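So you can see what is in the structure, the chains are spelled out below.
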Amino acid sequence: MQLEFKRNLGVKDRMIRIAIGLILVILVMMHVVTGWMSSSALFIAGLMIFEAVIGY
């Protein structure tokens, strides 16, 4: 049995996820977000960028 998934993200949604992910990374790099929230922000940014690249 083979599972086939159709893409769930449109082009606009993918661009928005990449933009938000990059904004979170920039905020952490500029030390606007610090402490445990920086780890959380990087994790969320990574997830958003990963989902945008994969598209599912």
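In this text, all values refer to a predicted model and were calculated from it rather than measured experimentally.

A.B. asks: Please give an account of the overall build of the chain that cites residues and values.
C.D. replies: Helix and strand counts for the chain come out as two helices and zero strands. Against the 2.2 N^0.38 benchmark of 10 Å for 56 residues, the chain shows a C-alpha radius of gyration of 14 Å, more extended than a compact globule. When the 56 residues of the chain are sorted by exposure, 20% land in the buried category. Summing over all exposed atoms, the chain offers an accessible surface of approximately 4700 Å²; the carbon and sulfur share of this is 71%.

A.B. asks: Tell me about the environment of isoleucine 26, residues and numbers included.
C.D. replies: Mapped onto the secondary structure, isoleucine 26 falls in helix α1 (residues 11-29). C-alpha of isoleucine 26 to C-alpha of leucine 42: the two residues are 16 residues apart in sequence and 9.7 Å apart in space.

Definitions and limits used
- Residues numbered from 1 in each chain as written.
- Predicted model: local features only at pLDDT ≥ 70, side-chain atom pairs only at ≥ 80, totals over all residues.
- Heavy atoms only, no water.
- Helix = DSSP H or I, 4+ residues; strand = E, 2+ residues; numbered from the N terminus.
- Rg over C-alpha atoms; globule rule 2.2 N^0.38 Å.
- Buried < 20%, exposed > 50% of the residue type's maximum accessible area, 1.4 Å probe, protein only.
- Areas by Shrake-Rupley, 256 points an atom, 1.4 Å probe, with all protein chains shown as cover.

Function-wise, these values are silent; they only describe arrangement.
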